[in-house]
Every structure is written in structure tokens, then in C-alpha cells.
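Examining the three-dimensional arrangement
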Amino acid sequence: MIRDGFVICAPSNLGLRPEADGKEPGAWEAPLALLSEGLQAAIGAMDVEWLPRPAYRFDAEEGTRIRNGHAIRDYSLDLAHRIQTRLSDGGFPIVIGGDCSILLGCLLGARGAGRVGLLHLDGHSDFFHPGNYDTQSRLGSVAGMDLALATGRGERLLTEWPGIHGPLVQDADVTQLGERDALRPEYARYYGDIRETAINRIIIQDMLRDGMPTTAEKVKTWALGRVISRFWLHLDLDILAESVMPAVDSPGEPGLDFEQLARLVSLLRKHVPVIGIDVTIYDPAKDRDRRHAKAIVECLGKALG
């Protein structure tokens with residue numbers, strides 16, 4: 001089990017667009033659903049603390065073209081303070097979201113002790129930014145742009161932070177693992193410009209071809225080439241294949257199965273100095289019998305054990 005592990009529950013939907021039926025997404029319920037299925041015991045966490053659930057707005061706000069932009073900034077600052085406190089006490093924060101917008105607060109909290117790298121495990125690159133889409137045509141949703149914002153691309157509201165010079169994480173200090181659409185022709189119209197950055201990329205097709213030990217070894221080699229020794233791990237559960245995990249915001253194929261994901265995270269923690277992890281995008285509203293919640297808890301127990 002993780003020594004000095006602490007669960008921080010971040011029940012936020014702020015970074016997601018409304019559902020197709022116009023309702024608020026249900027990912028905010030994930031922390032309670034996973035804890036109810038025994039998450040704390042499965043990962044051996046010492047304690048659990050909660051951020052309050054923030055109010056979700058459907059409409060645009062003055063001064064931003066990002067949905068819930070002002071609330072995301074406030075929430076990120078609150079989350080960052082809690083993470084920084086846990087890290088300074090020698091703890092290992094395990095943040096359970098909610099959606100991918102919580103990554104900003106996680107990195108901000110980690111930056112309190114200096115430069116940090118990022119292992120971004122996600123079935124999508126989450127690299128939307130004003131350079132690759134029309135911000136006036138629709139509201140941006142942070143769950144699809146968290147990596148872009150974290151690397152300094154986007155509105156100043158969510159790229160400039162108190163006490164931080166430059167982006168939350170440098171391009172060259174990021175590995176993105178799990179993008180499933182990179183081989184499709186339409187990919188270039190969306191996240192394609194990530195190819196022009198210094199971000200290290202390992203797409204899902206290569207991960208499945210090479211296996212988890214080889215993939216982890218690649219990340220280890222990359223990490224050893226950095227001048228930093230602290231990495232945050234972001235885990236979006238849509239890196240799992242839709243066939244085993246449909247209860248997420250944007251399911252798809254191909255993807256990992258639960259055994260592969262548990263093995264990968266375990267190996268990354270073994271080979272790379274990971275200081276904390278966030279887990280996002282599971283939606284209990286799409287999992288009424290909690291079958292997938294049970295599988296997630298079992299997976300995290302193996303991954304963090």
C-alpha cells in the first residue's frame with residue numbers, strides 16, 4: 001500500500017460540457033461512489049478529506065470563453081493549497097475527481113515545492129486551445145484542454161497562477177500516454193499541433209503492441225533524461241477501452257483493460273518518482289449497478305498496492 005497516502009475528494013463537474021439531454025454531467029459523484037465500494041481500504045489511504053462540490057453553470061460568463069472558468073480557477077486554488085499541505089507533510093495525495101479540470105489544481109499544488117513533470121494517462125491528448133479552435137463559436141470545456149492549459153496555452157485566467165513563473169509544467173517535462181485517435185485523419189484538425197511540441201507522446205496503439213513493461217521502461221528512460229525528480233500522474237479513466245469501461249465522459253476504442261492499467265500504473269510508480277496522482281472522469285450516473293465502480297477500486301488497489 002502507499003505509505004502516507006491521503007485521499008482528497010474533488011467532486012467537480014466544472015470542466016465538462018452538459019450532457020446530450022442538457023443535464024449536468026454526473027462525474028461529480030465519483031468520489032462518493034468509489035469510497036462506498038471500499039477505495040480507502042483498497043489503496044491503504046490514511047485519511048480522506050473533501051472539497052465542497054462547486055456550482056455548475058450552463059451559460060457563458062463575463063470575461064472568459066471557458067465554461068465555468070472563474071469557478072475552475074477558485075477551485076484549483078483551493079485544491080492546490082490542500083495538495084501543497086499534504087506534500088509538505090510528506091504525504092502522497094490521491095485526488096479523486098470529478099473531471100480533468102482538477103489537474104490544474106494538482107499541478108499548482110505540486111509546483112509549490114518547485115518544478116514538476118507530468119505523466120498524462122488519457123485516451124485523449126486534451127490539447128484544445130485558442131490556436132486550434134474558434135473560441136467564439138462555442139464555450140471551451142477544460143476537460144478537453146487540461147494539457148494545453150497546464151503547458152501555458154489558453155486564457156490567462158487558467159494559465160497564470162500566483163507565485164508561478166511560466167506554465168505549470170514545461171512541454172519537455174510531459175509524457176502523454178494513451179491517445180487513441182492519433183492515427184485517424186481527423187486528428188490533425190483537433191489536437192494535431194501537439195506533434196510540433198516537445199511533449200513526449202506514446203499512443204495507445206504502441207502501448208498495446210509493446211505491452212506495459214516496455215511502455216513503462218520507455219517512460220523511465222525519458223524521465224531519467226529530465227533534470228527534475230518529481231512527477232505528478234494524471235489518470236483519466238477513458239484510457240480504458242469502452243468495452244470494459246463505458247461509464248466515462250468520452251468512451252472509445254482502442255484502450256487498455258483493467259489489468260493492463262493496474263500493471264502500467266504500478267510500474268510507473270516503481271520506475272518514476274511520482275509524488276501524487278489524480279483519477280478522473282468516471283461517471284456513476286452511467287453505472288447504476290456500480291459494476292464499473294467495483295472494477296475501478298480493484299484496479300486502483302492493484303495499481304497503488
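Residues numbered from 1 in each chain as written. Predicted model: local features only at pLDDT ≥ 70, side-chain atom pairs only at ≥ 80, totals over all residues. Heavy atoms only, no water.

As named in an unreviewed UniProt entry, the chain is Arginase family protein, taken from Methylococcus capsulatus. Under the heading Sequence similarities (unreviewed entry), UniProt records this for the chain: "Belongs to the arginase family." (UniProt positions renumbered as here; feature names shortened; annotations may be inferred.)

**What about the overall build of the chain?**
On a plain count of helices and strands, the chain comes out with nine helices and eight strands. By the compact-globule yardstick of 19 Å for 305 residues, the chain fits well, its C-alpha radius of gyration being 17 Å. Judged by the C-alpha coordinates and their principal axes, the chain covers about 45 × 40 × 40 Å. Expressed as a percentage of the 305 residues in the chain, the buried residues total 58%. Within the chain, residue pairs in contact and separated by at least 24 positions form 77% of the contacts whose partners lie at least 6 positions apart. (Helix = DSSP H or I, 4+ residues; strand = E, 2+ residues; numbered from the N terminus. Rg over C-alpha atoms; globule rule 2.2 N^0.38 Å. Buried < 20%, exposed > 50% of the residue type's maximum accessible area, 1.4 Å probe, protein only. Contact = heavy atoms within 4.5 Å.)

**A word on the side chain of His234**
Relative to the helices and strands, His234 is located in strand β7 (residues 231–236). With relative accessibility at 0%, the residue His234 sits in the buried group. Within the local environment of His234, its side chain forms a polar contact with the side chain of Asp278, the two groups lying 2.7 Å apart. Look past the residues within four positions of His234 in its chain and what remains in contact with it is Cys100, Leu103, Leu118, Leu119, His120, Leu121, Asp122, Asp146, Asp278 and Thr280. (Polar contact = N/O pair within 3.5 Å; in protein donor to acceptor, adjacent residues only side chain to side chain.)

**A short note on helix α8 (residues 258–271)**
Taking 1.5 Å per residue as the helical rise, α8 with its 14 residues ought to reach 20 Å, and the 20 Å between its terminal C-alpha atoms agrees with that figure. Turning to α8, its buried residues number three or more, namely Phe258, Leu261, Ala262, Leu264, Val265, Leu267 and Leu268. Along its buried surface, α8 packs onto β4 (117–121), α6 (204–210), α7 (212–224), β7, β8 (274–280) and α9 (291–303). One side-chain oxygen of the residue at the start of α8 lies 3.2 Å from the amide nitrogen of Glu259, identifying that residue as Asp257. (Expected span 1.5 Å × (residues − 1).)

**Points about helix α3 (residues 69–88)**
Each turn of an α-helix holds 3.6 residues, which means side chains three or four residues apart point in the same direction. Here α3 is 20 residues long and its end C-alpha atoms lie 28 Å apart, about the 28 Å a rise of 1.5 Å per residue gives. All buried positions along α3 are accounted for by Gly69, Ile72, Arg73, Tyr75, Ser76, Leu79, Ala80, Ile83, Arg86 and Leu87. Angularly, the buried residues of α3 cover 165° about the axis, an arc narrow enough to put them on a single face. Exposed residues on α3 whose side chains face more than 90 degrees from its buried face are Asp74, His81 and Ser88. Along its buried surface, α3 packs onto β1 (5–10), β2 (47–50), β3 (92–97), α4 (102–110), β7 and β8. Looking at the residues trailing α3, positive phi occurs at Gly90, about 85°. (Arc of directions from axis to C-beta.)

**Here we look at the nonpolar core**
Soluble globular proteins: nonpolar side chains tend toward being buried together. Core analysis: the largest hydrophobic core is formed by 58 residues, its most contacted members being Leu119, Leu121, Leu237, Leu261 and Tyr282. No other element matches the seven residues that α8 contributes to this core. Ranked by size, the runner-up nonpolar core spans 45 residues in total, among them Leu14, Ala182, Ile199 and Ile203. (Core = buried A, V, L, I, M, F, W, Y, C linked by side-chain atoms within 4.5 Å.)

**Digging into the packing of aromatic side chains**
Taken as a whole and judged by the stated rule, the model has three aromatic pairs. Considering the side-chain rings of Tyr56 and Phe58, the 4.9 Å spacing of their centres and the 80° angle between planes classify their relative orientation as edge-to-face. Ring centres of Phe128 and Tyr133 lie 5.9 Å apart, and the angle between their planes is 75°; this geometry places the pair in the edge-to-face category. Taken as a pair, Phe128 and Tyr133 share a single burial class, namely buried. Here the basic side chain of Arg138 rests over the ring of Phe128, its NZ or CZ set 5.2 Å away from the ring centre. (Phe/Tyr/Trp six-rings, centres within 6.5 Å; stacked < 30°, edge-to-face > 60°. Lys NZ or Arg CZ within 6 Å of the ring centre and 35° of its normal.)

**Let's talk about the pairing of β4**
For β4, the tally of buried residues reaches five of five residues, placing the bulk of the element in the interior. The pairing of β4 with β7 spans five bridges and is classified as parallel. Residue pairing in the sheet places His120 in a bridge with His234 of β7. Of the strand pairs in this sheet, β4 and strand β5 (residues 174–177) are connected by four bridges, and their pairing is parallel. Residue pairing in the sheet places Leu121 in a bridge with Leu177 of β5. (Pairing = 2+ DSSP bridges.)

**Structural notes on the sheet that holds β4**
The strand order β2-β1-β3-β8-β7-β4-β5-β6 describes an open sheet built from eight strands, whose pairing is parallel. Two strands lie at the open edges of the sheet, namely β2 and β6 (200–202), each paired on one side alone. The average undirected angle you get between the axes of adjacent strands in this sheet is 15°. Of the strands in this sheet, β3, β4, β7 and β8 touch α8, which is tilted by about 170° from β4. (Axes fitted to C-alpha atoms, helices over the stretch in contact; angles between N-to-C directions.)

**Details of unusual backbone geometry**
Gly97 connects to Gly98 through a cis peptide bond whose omega is 20°. Locating Gly98 in the fold gives a position in the loop between β3 and α4. Between Glu253 and Pro254 the backbone carries a cis peptide bond, its omega angle lying at -5°. Mapped onto the fold, Pro254 is located in the loop between β7 and α8. In this model, Asn68 sits at a positive phi of 60°, which is unusual for a non-glycine residue. Following the sequence through the fold, Asn68 ends up in the loop between β2 and α3. The exposure class of Asn68 is buried, given its relative accessible area of 1%. Even without a glycine there, the phi angle at Ile281 is positive, about 80°. Here Ile281 shows up in the loop between β8 and α9.

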